[in-house]
Amino acid sequence: VQLQESGPGLVKPSQTLSLTCTVSGVSISADTYYWSWIRQPAGEGLEWIGHIYTSGRTNYNPSLRSRLTITVDTSQNQFSLKLSSVTAADTAVYYCATIPVATSQGFDFWGQGTMVTVSS
Amino acid sequence: DIQMTQSPSTLSASVGDRVTITCRASQYISSWLAWYQQQPGKAPMLLIYKASNLQSGVPSTFSGSGSGTEFTLTISSLQPDDLATYYCQQYSDYPYTFGQGTKVEIK
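Only a predicted model underlies this, so the values are computations on that prediction, with no experimental measurement involved.

Colleague: Whenever I open this one, the layout of surface pockets confuses me. Can you help?
Modeller: Over the atoms rolls a probe the size of a water molecule, and in doing so it shows where empty space is left. Approximately 350 Å³ is the volume attributed to the largest pocket. Lining of the largest pocket is provided by 20 residues; of these, Gln37, Met45, Leu46, Leu47 and Val58 of chain B occupy positions nearest its centre. For the lining of the largest pocket, the element with the highest residue contribution is strand S5 (residues 45-49) of chain B, accounting for three residues. Split into classes, the residues belonging to the lining of the largest pocket amount to nine nonpolar, seven polar and four charged. Along the walls of the second largest pocket sit 17 residues, with Gln40 of chain A together with Gln38, Pro40, Thr85 and Tyr87 of chain B positioned nearest its centre. In the lining of the second largest pocket, the residues fall into five nonpolar, nine polar and three charged.

Next up, the structure:
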């Protein structure tokens with residue numbers, strides 16, 4: 001499994017941050033994984049953002065739920081993150097990652113991460 | 001939210017030393033705990049899952065133990081490539097949460 005994040009590296013305050021994770025090596029339709037987003041501000045720890053299952057069922061971090069949408073596009077083998085009304089506090093490296101559904105092993109595959117800066 | 005607390009925050013050890021990192025959960029999480037290694041400038045990598053299971057491809061110098069609220073990650077013989085920050089993470093309940101990290105330095 002390989003994951004690759006993509007999206008703008010700079011977002012203006014109050015706008016919407018949009019990122020896509022392109023999946024290769026496995027079909028996103030295969031019900032094999034929870035498709036997850038995690039972020040890490042520079043020099044800080046990791047924060048789980050949320051995840052989506054192939055059925056479209058989602059779990060979001062309550063701290064972000066009011067601004068967050070995660071979707072899956074099976075035709076493109078991608079899943080996406082939208083975070084609205086961003087502020088400087090949303091500046092971070094954003095990772096996509098997977099959790100196996102059957103074995104609950106933790107986040108076993110990660111993308112390389114993409115840096116997003118919120119600034120005018 | 002379940003709070004995960006790691007200790008120490010930083011440790012310095014010599015090549016060949018045995019190193020232990022502790023992670024405490026603010027409430028019972030059974031064995032739903034993972035450990036990750038994050039080398040500088042890289043994405044985290046899964047080392048241990050379900051508290052004590054070694055992820056495929058991870059050297060056997062890494063081991064995990066514990067259940068309930070207290071867990072440990074042990075590196076039996078520290079190697080130069082182990083320079084990294086280590087994180088614990090609970091997946092017992094939403095939202096999933098991580099410890100603040102333990103930075104391992106090589107003397």
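Let's pick the thread back up.
Colleague: What am I meant to see in unusual backbone geometry here?
Modeller: Backbone geometry follows two general trends: most residues other than glycine have a negative phi, and most peptide bonds adopt the trans configuration. Residues and elements named next belong to chain B. Of note, the amide linkage connecting serine 7 to proline 8 takes the cis form, showing an omega dihedral of -5°. You can see proline 8 is positioned in the loop between strand S1 (4-7) and strand S2 (10-13). The omega torsion across tyrosine 94 and proline 95 is -5°, close enough to zero to call that bond cis. Along the polypeptide, proline 95 turns up in the loop between strand S9 (84-90) and strand S10 (97-98).

Colleague: What should I look at first to understand the side chain of threonine 97 of chain B in this one?
Modeller: Residue and element names in this part refer to chain B. Inspection of the secondary structure assignment puts threonine 97 in strand S10. By relative accessible area, threonine 97 is classed as buried at 13%. Among the polar contacts made by the side chain of threonine 97, one reaches the main-chain carbonyl oxygen of isoleucine 2 at a distance of 2.7 Å. Discounting chain neighbours no more than four positions away, the residues touching threonine 97 are Ile2, Met4, Cys88, Gln89 and Gln90.

Conventions adopted
- Residues numbered from 1 in each chain as written.
- Chains lettered and ligands numbered in written order.
- Predicted model: local features only at pLDDT ≥ 70, side-chain atom pairs only at ≥ 80, totals over all residues.
- Heavy atoms only, no water.
- 1 Å grid on protein atoms, 1.4 Å probe; cavity = no way out; pocket = protein on both sides within 12 Å on 5 of 7 lines; lining within 4 Å.
- Points joined across faces, edges and corners; volume = space filled by probe spheres on them.
- Helix = DSSP H or I, 4+ residues; strand = E, 2+ residues; numbered from the N terminus.
- Nonpolar A, V, L, I, M, F, W, Y, C, P; charged D, E, K, R; others polar.
- Buried < 20%, exposed > 50% of the residue type's maximum accessible area, 1.4 Å probe, protein only.
- Polar contact = N/O pair within 3.5 Å; in protein donor to acceptor, adjacent residues only side chain to side chain.
- Contact = heavy atoms within 4.5 Å.

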